[in-house]
Amino acid sequence: MKRLIIGTAGHIDHGKTTLVRALTGANTDRLQEEKKRGISIELGFAPFTLPNGQQAAIVDVPGHERFVRHMMAGAFGIDMVLFTIAADEGVMPQTREHMDIIELLGVDQGVVVITKKDIVDEEWLLLMEEEVQEYIDQSILKGAPILSVSSVTGEGIPELLQTIVEVADTTHEKPVFGPARLPIDRVFTIAGFGTVVTGTLWSGQLKIGDTVELMPIQRQVRIRNLQVHNEKVEQALAGQRVAVNLQGIEVADIKRGYVLSTPGQLTPSYRVDTRLHLLPGSPRELENWNRIRFHLGTDETLGRVVLLDRDELLPGEEAYAQIVMEKPVVACKGDPFIIRYYSPVTTIGGGSIIDPVAPRQKRFREEILNELAVKEEGSLSDVILHELEAAGIELLTLDELSRRTGASQSEVKEQIAVLLKQEQAIEISSKGSYYFSSLALEQIYEQMQAVMQDYLNKYPLRQGYPKEDMRSRHFKQLNSKEFNAIIKFMEEKKMLTSNNNMLAPADYTPRPGKKQQEALQQIQSQLKKQLFNPPSVEEISQELGLEAEEARELFAYLLDQGQAIKAGDSMLFSMEAVEEGQKLLNDYFAQEKELTLADFRDLLNTTRK
């Protein structure tokens with residue numbers, strides 16, 4: 001059956017906790033102070049079996065204005081909302097703030113519940129139902145069913161349960177494939193078990209024995225046990241409330257707002273690029289560099305807003321903005337967030353994450369605004385291509401592209417296949433698949449061509465430019481395996497040649513100039529005067545009046561071209577000497593069975609040296 005998280009929302013003392021108790025039989029007020037004061041302070045949770053047998057979980061949030069930050073921690077990740085409005089009071093300040101939060105988070109499925117119908121008369125209830133209908137019609141919950149109930153007498157509760165089943169049918173389940181992500185909302189210890197954290201699993205799955213990463217502190221821990229709906233399970237799936245018993249970490253090392261995730265999938269960042277929306281009811285405009293409170297998942301941090309295309313954002317407006325945090329956060333592309341004024345603390349807006357690990361952005365730059373527009377509005381294929389091109393020569397894996405785009409690996413792989421077919425992307429293999437753009441390939445090729453050409457113009461007798469020198473000097477961002485994979489790809493495409501760890505343009509052949517040709521012929525002549533007793537390299541150089549560097553180039557060319565072989569450090573033999581020596585040996589062994597070194601020396605008429 002479908003996995004479902006239901007959240008409550010509404011003004012303080014509008015009957016949220018009492019309603020949850022009427023629906024589930026559970027009292028979500030767990031703190032002594034909550035029971036004493038009769039209000040919810042912390043988040044409450046209860047397993048919930050619907051009439052059709054479906055298992056769900058209810059997140060009961062506090063309604064008091066002082067605890068709105070706790071309300072937001074619970075509202076992130078819910079699939080549908082039970083929005084409560086008390087029949088005796090109607091729409092109140094926290095009603096509106098909670099509705100703003102629900103709207104900013106994009107929660108558009110729910111049931112509006114008018115509570116406490118037992119304490120008002122029928123005429124008042126009718127007036128209240130009209131008022132609520134009018135209010136809801138202007139909200140994200142427009143068209144949602146509205147029911148009046150009494151959690152005390154039970155009137156309307158059966159109808160509400162059936163309506164919840166119907167609305168639950170229209171919700172979409174969270175993805176169970178891809179990286180796991182669980183924002184932590186509670187941390188505590190259980191005797192005999194140790195550290196336990198709870199939260200709503202936003203994506204992926206968790207299994208007993210898995211190693212997960214605690215973010216943003218980037219510490220790996222192991223899952224000892226899992227519970228869903230108060231029952232031990234081997235595996236938890238996205239869309240479930242989960243209690244995770246962790247091994248190898250103390251309660252003091254974990255805070256609400258931390259995230260459990262698949263290792264290597266999230267990156268802490270002090271900056272995020274966003275599409276920011278200021279609520280129409282915001283009491284004042286938002287100016288550049290205003291200090292705000294940033295809420296994402298169960299995390300809250302202070303930050304400042306950098307407006308990228310204006311100096312102030314007016315109520316009801318939206319714009320691209322970078323939010324600079326006072327501590328690192330972890331996010332994914334597309335995550336919703338909420339901002340509140342630093343002081344006085346009121347909810348003023350929110351939006352969605354465009355780049356969760358953003359560089360420092362300069363304001364009023366057209367190219368930056370265009371880049372954000374592509375990341376936000378472009379098709380997945382457009383966004384992947386943009387990420388590949390922005391990465392330059394950095395090779396990206398499916399994992400990295402999935403993290404950067406916010407799409408699943410299967411979705412990324414499907415679009416990569418299209419880009420490969422269109423020759424806009426390149427795939428290379430080096431213990432796994434890596435991708436970069438065709439534009440990056442052109443840039444690498446042009447840079448290599450320029451380096452090789454400059455080098456070979458200076459040293460026209462050499463076979464090419466040293467391959468490792470090319471990597472370490474000009475492409476040090478790539479390790480040897482990645483660089484070699486790119487070189488192999490270029491060779492297959494006949495873009496260049498690689499021989500003896502030397503790189504050269506395709507079809508390149510060393511071409512000595514006229515003066516060099518004459519010098520080479522003179523060297524060959526010197527080597528052939530005495531085939532088996534040629535002068536040394538130094539002697540030839542002195543005889544021909546060659547400079548040291550010039551001589552090195554000429555002798556290296558003869559060796560590279562196979563026109564001579566090197567013996568020791570200072571002696572070359574011509575290929576004629578090798579061929580003649582081989583002929584003499586063949587003739588000798590046609591008559592004899594063995595040959596001493598002294599006889600070999602005499603056979604070649606050479607010296608001991």
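About the thresholds
Residues numbered from 1 in each chain as written. Predicted model: local features only at pLDDT ≥ 70, side-chain atom pairs only at ≥ 80, totals over all residues. Heavy atoms only, no water. Helix = DSSP H or I, 4+ residues; strand = E, 2+ residues; numbered from the N terminus. Contact = heavy atoms within 4.5 Å. Core = buried A, V, L, I, M, F, W, Y, C linked by side-chain atoms within 4.5 Å. Buried < 20%, exposed > 50% of the residue type's maximum accessible area, 1.4 Å probe, protein only. Pairing = 2+ DSSP bridges. Axes fitted to C-alpha atoms, helices over the stretch in contact; angles between N-to-C directions. pLDDT = per-residue confidence, 0-100. Expected span 1.5 Å × (residues − 1). Polar contact = N/O pair within 3.5 Å; in protein donor to acceptor, adjacent residues only side chain to side chain. Phe/Tyr/Trp six-rings, centres within 6.5 Å; stacked < 30°, edge-to-face > 60°. Lys NZ or Arg CZ within 6 Å of the ring centre and 35° of its normal. 1 Å grid on protein atoms, 1.4 Å probe; cavity = no way out; pocket = protein on both sides within 12 Å on 5 of 7 lines; lining within 4 Å. Points joined across faces, edges and corners; volume = space filled by probe spheres on them. Nonpolar A, V, L, I, M, F, W, Y, C, P; charged D, E, K, R; others polar.

**A look at the environment of Ala86**
Tracing the chain through its elements places Ala86 in strand β4 (residues 80-86). With 144 residues separating them along the chain, Ala86 and Asn230 place their C-alpha atoms 31 Å apart. Not counting chain neighbours up to four residues away, the residues in contact with Ala86 comprise His14, Thr115, Lys116 and Met128.

**Regarding the nonpolar core**
By size, the foremost hydrophobic cluster in this structure holds 55 residues, and its most contacted members are Leu286, Phe294 and Ile339. In contact with Ile339, other than residues within four places in its own chain, are Leu276, Leu286, Ile292, Arg293, Phe294, Ile323, Thr346, Thr347, Ile348, Gly349 and Gly350.

**Let's talk about the sheet that holds strand β3 (residues 55-60)**
Note on sheets: strands pair through backbone hydrogen bonds, and any given pair is parallel or antiparallel. The mixed open sheet is built from six strands, whose spatial order is β2-β3-β1-β4-β5-β6. Each edge of the open sheet is held by one strand with a lone partner, namely β2 (44-49) and β6 (146-148). Pairwise comparison of adjacent strand axes, ignoring direction, gives a mean angle of 25° for this sheet. As defined by bridge partners, strand β1 (residues 4-9) adjoins β4 across four bridges and the pair is classed as parallel. Paired with Ile6 across the strands is Met80, a residue of β4. Relative to β4, helix α4 (residues 93-104) is tilted by about 165°, and along the sheet it contacts β1 and β4. Helix-sheet contacts for helix α6 (residues 157-168) involve β1, β2, β4, β5 (110-115) and β6, and the interaxial angle to β5 is about 160°.

**Section: the sheet that holds strand β21 (residues 318-329)**
With antiparallel pairing, six strands are arranged side by side around a closed barrel as β16-β21-β19-β18-β22-β23. Averaged over all pairs of adjacent strands, the angle between strand axes in this sheet comes to 45°, irrespective of strand direction. When strand β19 (residues 299-307) meets β21, the two strands line up antiparallel, connected through five bridges. Counterpart to Gly303 in the pairing with β21 is Met325. Relative to the sheet, α4 contacts β16 (269-278), β22 (336-341) and β23 (347-355), its axis offset from that of β23 by approximately 10°.

**What about the confidence of the model for the protein?**
Taken residue by residue, the protein gives an average pLDDT of 90. The fraction at 70 or more is 96%. Throughout residues 29-42 the model reports pLDDT below 50, and contacts reaching past four residues in sequence, or to other chains, amount to 32 contacts.

**Observations concerning the pairing of β23**
Most of β23 is tucked away: eight of the nine residues are buried. Linking β22 back to β23 in an antiparallel pair, the connection comprises five residues.

**Observations regarding helix α13 (residues 480-492)**
Spacing of three or four residues puts side chains on the same side of an α-helix, whose turn is 3.6 residues. The end-to-end C-alpha distance of α13, which contains 13 residues, comes to 18 Å, matching closely the 18 Å that a straight helix rising 1.5 Å per residue would cover. Elements in contact with the buried residues of α13: β24 (425-429), β25 (433-437), α11 (438-458), α12 (467-474), β27 (496-499) and β28 (502-505). Capping the start of α13 is the job of one residue whose side-chain oxygen sits 3.1 Å from the backbone nitrogen of Lys481: Asn479.

**Observations regarding the packing of aromatic side chains**
In this structure the tally under the stated criterion is six aromatic pairs. An angle of 25° between the planes, with centres 6.3 Å apart, marks the rings of Phe76 and Trp202 as stacked. Of this pair, Phe76 sits in the loop between α3 (68-75) and β4 while Trp202 sits in the loop between β8 (194-200) and β9 (205-207), and the two are 126 residues apart along the sequence. Over the ring of Phe45 we find Arg241, and its NZ or CZ is 3.6 Å from the ring centre. Residue placement shows Arg275 over the ring face of Tyr320; its charged tip is 4.3 Å from the ring centre.

**Here's the deal with unusual backbone geometry**
For the bond from Met215 to Pro216, the omega torsion is 10°, close enough to zero to count as cis. For Pro216, the location among the structural elements is in the loop between β10 (211-215) and β11 (219-228). A cis amide bond links Ser343 with the next residue in sequence, Pro344, at an omega value of -5°. A positive phi angle, near 70°, is found at Trp289, a position not held by glycine. Inspection of the secondary structure puts Trp289 in the loop between β17 (286-287) and β18 (291-296). Of note, Asn500 is a non-glycine position whose phi angle comes to about 55°, a positive value. Structurally, Asn500 can be placed in the loop between β27 and β28. Overall, the relative accessible area of 59% leaves Asn500 in the exposed class.

**With respect to empty space enclosed by the protein**
Inspection of every chain in the model, using the stated rule, returns two cavities of 30 Å³ or more. There is about 70 Å³ of room inside the largest cavity. Surrounding the largest cavity, Arg181, Pro183, Trp202, Gly257, Val259, Leu296, Gly297, Thr298, Asp299 and Val330 form its lining. Of the residues belonging to the lining of the largest cavity, the class tally is five nonpolar, three polar and two charged. Size it by volume and the second largest cavity reaches roughly 60 Å³. Going through the elements one at a time, α3, β7 (181-190) and β8 are the ones with two or more residues in the lining of the second largest cavity. For the lining of the second largest cavity, a count of residues per class yields six nonpolar, four polar and two charged.

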